Amino acid sequence: MNTEAVCLEIACLGKRYGSRWVFDNLSATIQQGETLVIAGPNGAGKSTLLRLLAGLEQPSAGTISYRVGKRRISPSQARQILGLVALDIRLYRELTALEHLRLFADLRGLSDDAAISGALLERVGLAERANDRVASYSSGMALRLKYALMLLHRPAILLLDEPTAMLDVGGRAMVAGLVEEQRERGIAIIATNDPRELALGDYLLNLGVTGETS
Amino acid sequence: MFSPSLWRSTWAILRKDLRAELRGRVAINTLLLFAITTVVLVSFRLGPLGISRDQRAVTSIAVLLWIAIFFAAMSGLSRSFVAEEEAGTAPLLRLAASPAAVFAGKLLYNLLLVAVLEALVVLLFAALMNLRVGNPGLFAASLAAGGVGLGVATTIIAALVARASVRGALFTVLAFPLLLPLLVVAVGATELALAGAGWSKAWPELRLLAAYVLALLAASLLLFEQVWEG
């Protein structure tokens, strides 16, 4: 787990598809312990911005830079300290929850300890369905498993897209707890329009209104 | 920072793909169906060609064998990457695994499928067309070298086409010119093996196959990260 302070800087960031700019000239600096909430109407680019920050898409303009301590790290290094939970990123329907955790422990070079996997599934409320295939899960359960996968490597930069959209009351409380914990671990960035989630942030970036954080 | 081991990641991706395939059986069923249909159809019309040892029959068998392998491979091997994109799971792999591990895991998976496919086609040829092999060692070597080339080429092409909207057609269109030299040489080596030629006679074909595989593998390793990251 990373113990140095992380910092994320966005400078004059823009993204366009074809000739249409989704957003342009976004600038922000998010420091260790801070939570940024991104809001805006449908199509304003909330999810696109998270995908850019995760390195899943390339910006059309501007730069994204990550720092750990005083070191600037490359996008490929940044992926090792990033965790993205989003509805449009799917899980493997043929695999069980435990098989997912084992797969991602192997991919990230982490300990493949059954006790750790069990504790994570217990935390996200999936312990009793640990050996069931994801194909049999509801949308909310699949989202809970994505949280377990994210918790596996305890990312310093946590990116959440509509984090409680499919969750029940218990699930929403779990997410609020995770965001609060993240203040000690690093940075959280949440894309949402849900008033309950807007309250989780220290800053609001409203893509429909302005390109600057306050 | 975490530093995941390449081999551990590669093995994890291979194991994941095998597990998913054994539970879903999409690629395996497609490969089996295509291979069986092709060989049965050929055997119905041409009969037990292998009985005859004349040059024409040997050439025909070698060509038909590789046609069956090639088209069955085209129908199933693109799944390795296409399935990830279609199911929306590719971003999970992009975030957690290094491009090198993804390529190696998918390549090993495709090589395994090619090996199963070749074994099946050879068994079907032996059963339905009375296949007789003059030089079994050379036959195995030509199948292995051709199969590795087929596996490497289909892996990088599958990665290339996975994000396109007309994946199926594009896969075969891109694969055919890339694989044509490989198939021509593999047919030549297989023909020599069926006719019972010695290793020395087939050495130029085997060297060409090895060179093709190495060149394609080197190009794939250089290109893959760019292709995968888009």
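Analysis parameters
- Residues numbered from 1 in each chain as written.
- Chains lettered and ligands numbered in written order.
- Predicted model: local features only at pLDDT ≥ 70, side-chain atom pairs only at ≥ 80, totals over all residues.
- Heavy atoms only, no water.
- Helix = DSSP H or I, 4+ residues; strand = E, 2+ residues; numbered from the N terminus.
- Rg over C-alpha atoms; globule rule 2.2 N^0.38 Å.
- Buried < 20%, exposed > 50% of the residue type's maximum accessible area, 1.4 Å probe, protein only.
- Contact = heavy atoms within 4.5 Å.
- Areas by Shrake-Rupley, 256 points an atom, 1.4 Å probe, with all protein chains shown as cover.
- Buried area = accessible area lost by both parts, 1.4 Å probe.
- Salt bridge = Lys/Arg side-chain N within 4 Å of Asp/Glu carboxyl O.
- Polar contact = N/O pair within 3.5 Å; in protein donor to acceptor, adjacent residues only side chain to side chain.
- Pairing = 2+ DSSP bridges.
- Axes fitted to C-alpha atoms, helices over the stretch in contact; angles between N-to-C directions.
- Phe/Tyr/Trp six-rings, centres within 6.5 Å; stacked < 30°, edge-to-face > 60°.
- Lys NZ or Arg CZ within 6 Å of the ring centre and 35° of its normal.
- pLDDT = per-residue confidence, 0-100.

## Considerations on the overall build of chain B
Inference 1: A count of helices and strands for chain B gives nine helices and zero strands.
Inference 2: The N-to-C order of helical and strand elements in chain B reads α-α-α-α-α-α-α-α-α.
Inference 3: Scaling as 2.2 N^0.38, a compact globule of 230 residues should have a C-alpha radius of gyration of about 17 Å, and chain B matches this with 18 Å.
Inference 4: Projected onto the principal axes, the alpha-carbon positions of chain B cover approximately 65 × 35 × 30 Å.
Inference 5: Within the span of chain B, comprising 230 residues, buried residues form 51% of the whole.
Inference 6: If you take every contact in chain B between residues at least 6 apart in sequence, the share linking residues at least 24 apart comes to 84%.
Inference 7: If you sum the accessible surface of chain B, you get close to 10100 Å²; carbon and sulfur atoms cover 71% of it.

## Thoughts on the interface of chain B and chain A
A common way to express how large an interface is: the accessible area buried when the components associate.
Inference 1: Contacts between the two partners involve 24 residues from chain B, matched on the other side by 34 residues from chain A.
Inference 2: For the pair chain B and chain A, the summed buried area comes to about 2800 Å², and 60% of that belongs to carbon and sulfur atoms.
Inference 3: Here chain B is connected to chain A by five salt bridges.
Inference 4: Where A:Arg79 meets B:Glu229, a salt bridge forms, and the shortest distance between an N and an O atom there is 2.9 Å.
Inference 5: Where chain B packs against chain A, one counts 12 residue pairs in polar contact (both at pLDDT 80 or more).
Inference 6: Secondary structure elements with two or more residues in the side of chain B that touches chain A: helix H1 (6-24), helix H4 (79-87) and helix H5 (90-96) of chain B.
Inference 7: With nine residues, the single largest contributor to the side of chain B that touches chain A is H1(B).

## Notes on the sheet that holds strand S7 (residues 157-161) of chain A
All names here are of chain A.
Inference 1: The sheet built from five strands is open, its strands ordered S6-S7-S8-S3-S9 with parallel pairing. Two strands close off the open sheet at either side, each with one partner strand: strand S6 (82-85) and strand S9 (203-206). Strand after strand, the sheet turns through a mean of 15 degrees between neighbouring axes, direction not considered.
Inference 2: Relative to strand S8 (residues 187-191), S7 runs parallel, the two sharing five bridges. Following the sheet pairing, Asp161 is matched in S8 by Ala191.
Inference 3: Lying over the sheet, helix H5 (residues 139-153) contacts S6 and S7, oriented at roughly 175 degrees with respect to S6.

## Some points on the packing of aromatic side chains
All names here are of chain B.
Inference 1: By the definition in use, this model includes six aromatic pairs over all chains.
Inference 2: Considering the side-chain rings of Phe70 and Phe71, the 4.9 Å spacing of their centres and the 75 degrees angle between planes classify their relative orientation as edge-to-face.
Inference 3: Here Phe71 falls in the partly exposed class, since its relative accessible area comes to 37%.
Inference 4: Directly above the aromatic system of Trp228 lies the positively charged group of Arg94, at a separation of 4.3 Å from the ring centroid.

## Structural notes on the confidence of the model for chain A
Inference 1: With 96% of its residues at a pLDDT of at least 70, chain A reaches an overall mean of 91.
Inference 2: Counting interchain partners and residues more than four positions distant, the pLDDT-below-50 stretch residues 210-214 of chain A has 16 contacts.

## Regarding the pairing of S8(A)
Residues and elements named next belong to chain A.
Inference 1: With five of its five residues buried, S8 lies for the most part within the structure.
Inference 2: Side chains of S8 alternate between two faces, with Ile187, Ile189 and Ala191 and Ala188 and Ile190 buried alike.
Inference 3: Of the pairings in the sheet, the one linking strand S3 (residues 35-39) to S8 comprises four bridges and is parallel in character. The residue bridging Thr35 from the neighbouring strand is Ala188, located in S8.

## Observations concerning the side chain of B:Glu118
All names here are of chain B.
Inference 1: Within the secondary structure, Glu118 sits in helix H6 (residues 99-128).
Inference 2: The class of Glu118 is buried, set by a relative accessible area of 9%.
Inference 3: Setting aside chain neighbours within four positions, we find Glu118 in contact with Trp66, Ile69, Leu143, Ala144, Gly146 and Gly147.

## Thoughts on the sheet that holds strand S1 (residues 6-17) of chain A
Residue and element names in this part refer to chain A.
Inference 1: Read from one edge to the other, the open sheet built from four strands follows the order S2-S1-S4-S5, with strand pairing classed as antiparallel. The open sheet has two edge strands, strand S2 (20-31) and strand S5 (71-73), and neither has a second partner. Between one strand axis and the next, the sheet turns by 25 degrees as a mean value, whatever way the strands run.
Inference 2: Where strand S4 (residues 61-68) meets S5, three bridges bridge the pair, whose relative direction is antiparallel. Paired with Tyr66 across the strands is Ile73, a residue of S5.
Inference 3: Across the sheet, helix H1 (residues 46-54) lies against S1, S2 and S4, angled at about 125 degrees from S1, the strand it touches most.

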